[in-house]
Each structure stands twice: as structure tokens, then as C-alpha cells.
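Understanding the architecture of this molecule
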Amino acid sequence: MITTNRVLSLIQPTGDMHVGNYFGAVANYVRLQETHECIFGVVDLHAMTMPFDPAVLRANTRQMFIDLIAAGLNPDKCTLIIQSLIPEHTELCWIFNCLTPIGDLGRMTQFKDKSDQVEGEGGAFISAGLFDYPVLQAADILIYRADQVPVGKDQVQHLELSREIARRFNYSFGEYFPEPAPLLTEAAKVMSLADPEKKMSKSLGDKHTVGLFEEESSIRKKVKTAVTDSGALPEGVTVSPGVANMLTILKSCNKNDVAESLLNDYKAGTLRYVNLKEAVADALVELTSSMRARRAELMKDPARIDKIITQGTAAARQISRETISEVRKLTGLPERAN
Ligand code: TRP
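Reading the values: the criteria
- Residues numbered from 1 in each chain as written.
- Predicted model: local features only at pLDDT ≥ 70, side-chain atom pairs only at ≥ 80, totals over all residues.
- Heavy atoms only, no water.
- Helix = DSSP H or I, 4+ residues; strand = E, 2+ residues; numbered from the N terminus.
- Rg over C-alpha atoms; globule rule 2.2 N^0.38 Å.
- Buried < 20%, exposed > 50% of the residue type's maximum accessible area, 1.4 Å probe, protein only.
- Contact = heavy atoms within 4.5 Å.
- Lys, Arg positive; Asp, Glu negative; His and termini not counted.
- Charge placed at Lys NZ, Arg CZ, Asp CG, Glu CD.
- Phe/Tyr/Trp six-rings, centres within 6.5 Å; stacked < 30°, edge-to-face > 60°.
- Axes fitted to C-alpha atoms, helices over the stretch in contact; angles between N-to-C directions.
- Parallel < 35°, antiparallel > 145°, perpendicular 65-115°, else oblique.
- Left-handed = near helix turned anticlockwise from the far one by under 90°.
- Nonpolar A, V, L, I, M, F, W, Y, C, P; charged D, E, K, R; others polar.
- Near = heavy atom within 4 Å.
- Polar contact = N/O pair within 3.5 Å; in protein donor to acceptor, adjacent residues only side chain to side chain.
- Areas by Shrake-Rupley, 256 points an atom, 1.4 Å probe, with all protein chains shown as cover.

Overview of the overall build of the protein
- In terms of regular secondary structure, the protein is built from 13 helices and five strands.
- Relative to its length of 338 residues, the protein is compact, with a C-alpha radius of gyration of 22 Å against a globular reference of 20 Å.
- Overall size of the protein, expressed as C-alpha extent along the three principal axes, is 75 × 45 × 40 Å.
- Counting every position in the protein, which comprises 338 residues, the buried fraction comes to 49%.
- Long-range contacts, defined as pairs at least 24 residues apart, comprise 77% of the intrachain contacts of the protein with a sequence gap of at least 6.
- Between the averaged position of the 38 positive side-chain charges in the protein and that of its 43 negative side-chain charges there is a distance of 2 Å.

Digging into the packing of aromatic side chains
- Applying the stated criterion to the full structure yields seven aromatic pairs.
- Judged by centre distance (4.4 Å) and plane angle (15°), the rings of Y29 and F40 are stacked. Taken together, the residues Y29 in helix α1 (residues 19-32) and F40 in strand β2 (residues 38-42) connect sequence positions eleven residues apart. Comparing Y29 with F40, the two get one shared label, buried.

Notes on the packing of helix α6 (residues 109-120) against helix α7 (residues 128-142)
- Following both chains from N to C, one finds α6 and α7 inclined at 155°, their axes separated by 9 Å at the closest point. Between α6 and α7, the angle is such that the two are roughly antiparallel. The handedness of the crossing between α6 and α7 comes out as right-handed. Between α6 and α7, the contacting residues are Q110, F111, K114 and S115 on the first element and L130, F131 and Y133 on the second.
- Each residue belonging to the contact of α6 with α7 can be placed in one class, and the counts come to four nonpolar, two polar and one charged.

Some remarks on the environment of V149
- With respect to the helices, strands and loops of the structure, V149 is situated in strand β4 (residues 148-149).
- V149 gets classed as buried once you look at its relative accessible area, which sits at 3%.
- Taking the C-alpha atoms as reference points, V149 and L8, 141 residues apart in sequence, are found 5.3 Å from one another.
- Those residues in contact with V149, other than ones at most four positions away along the chain, are L8, I141, L159, P180, A181, P182 and L183.

Brief notes about the site of the ligand
- Near the ligand you find L8, S9, L10, V43, H46, Y133, Q137, D140, I141, V149, V151 and Q155, and these make up its full shell.
- A distance of 3.0 Å separates a nitrogen atom of the ligand from a polar atom in the side chain of Q137.
- The side chain of D140 places a nitrogen or oxygen atom 2.7 Å from a nitrogen atom of the ligand.
- Its free accessible area being 360 Å², the ligand has 88% of it covered by the protein chains.
- The biggest single contributor to the shell around the ligand is α7, with four residues.
- Here the residues of the shell around the ligand are counted per class, giving seven nonpolar, four polar and one charged.

Quick look at the structure:
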């Protein structure tokens, strides 16, 4: 079996990055760039699979790209891309489309959830792009022959499909692609501040999230109003979801001992929520203040961002052109001067 040990993960341009995105994914990318050959970036084409506004798409894509750097991805240590700038993603996607049974796509739970959402929001149609989303994702990964994909559990099914596509290609046209596997880390799942039974997500609304680059005063205000006590707990649950979420955030900020001692207070019935919240706010402010400063610097220098985009695109295309040229040969398409 072919292995490359190359890491790839991409993220949707959802607007400003929040601490849920950071602890759930980006913090892990930042660690991986030290040990692996990595490609990270923003999937603007995937963002078109749900109803979108061009100005918002443009702004969010650039913002997410900047935020990845501000959060700690170093363009000298990893390759940073914007998906649509590398046309080989979509070219490979077409070839993969022709290897993918529509039945497999209909079984994808993300497709079912998102099409329910589209219907729920009132009559807009479900696009072929939404249906095809996982095939483009397989192309994102395999165009670089990456085989390590750091993602959350919700993406495991998509990666199974990517492996199946790789296998079907290899079987039909010759061993060429590695089989990408999820790199599951014990990334913390941060919950909403206002409704700690739901995953922190921008779509829930502003009071549910803490932006990774929010001002100190705003972080403190949000944490102060977070839901901690939710009344009687179900059988077998010893910590309320809100308190558990506060402790998760503390641990994610590397404040394990603080979390431990506050948990003991909680169990002893002596915890004062103000103290818990103050500890969480302090930890978040400490973690994010240098990121906020770095982001402000980056935002002042659009030419530097453009240069990083150009540099990432060039590095990525070196690999993607090689892959597509080999794939064209293997599948019977004419050679093309790049
Ligand atoms: N589907 C992924 C998500 O929603 C985003 C994504 C697109 C991705 N292409 C990818 C993740 C390739 C990993 C590898 O999180």
C-alpha cells in the first residue's frame, strides 16, 4: 500500500474563528506543522454548496485564511491554500465523480442533515454541489496524495468514502493513491456558552461563541454571562453541562491544575461560579492576546497576505499538477502542457 505521511486538513470559511474552531481543529494543526509535511487552508468551493452571498464568501475566505496564520500556522512551516485557486481540485473531482456511485453519496449523514436544513429554511433547492461535497473533499485530499487527515468525528464517514474512491481508482487504473485515514486527536469539543448542550457554532448566534480574536472586555463579558447552572441534573450526571464546558475550556488552555481544583470545589459544594468564570476568562485572555495582536498586524498588511497566498498556491500546484498529469495518463486523457 502507498503511504506518504503527508497531512492535509481544510476548513470552511465561516467568518471569524471562534475558540471552538481553535481547540477543536486549529490548535492541532499548529502542533502538526512542527512534525509533518502539512497542507492547510480554506475551502471556498465547499462554501458554495449552501446558499451564499458573493461579498460574504469573498470576505470570509480571506478572513479565515488570515485567522489561520494569526492562530499560529506558519507559512514557512506548512503550505497554506485557498482551495479554488488550485484548479486541479475540481479537475480531479470530476474524474472521481465518475467513480462514485450515487447511492454512496445519498447515505452521507452530513448531506442528509444539510439538505434537511435547506428545506427547513424554506424552499430553496438542494444543489448537486451539496450532494457532491464529499467527492470534492476526496479530491482535496488525494490531489496531494495526503494520507493523514486531522478531522473531527463528524468527518469520519467522508474519509471512508475518500478511501473507497482511492481504492476504486487504484483497482481500475493502477496503484497510485494512498488511502487517507482520519487523524483523530482527543481534541476538545467546546460547547455553546449560552446553551452548553449544543456544540459551539457560529450559526447559534453571537452570545453562544467566544471569538478567538475578541477584545478582552468582550471575552470577559461573554464568559460572565455563560450558563453554568441548569437546574436538576439527570441520573448519573455529576457536573452540569455549563460547568463541564468551563472546565473543558480551562484544560484546553493548559490550565489542568486550576480545572482540577475548581472541580473539587464544585464537588464539595463550595465552588463560586464567579471564581470559575474569572479563571476561564483569564485563561482565554492569556491565550488569545498574542493572537489578537498578530492578527491586527496581518490585517494592516494586505500585500503580505497576498504574498503568502501566492507562495502557498505555487507550492500546492507543484504537487497537484504532478498528480493530475499522472491521473490523466492513467485514465486515458490526453497529455496537457501545464
Ligand atoms: N468537510 C470538512 C468540514 O466540514 C471540510 C473539508 C473540505 C475538509 N475538504 C477537506 C477537511 C479535506 C479535511 C480534508 O470540516
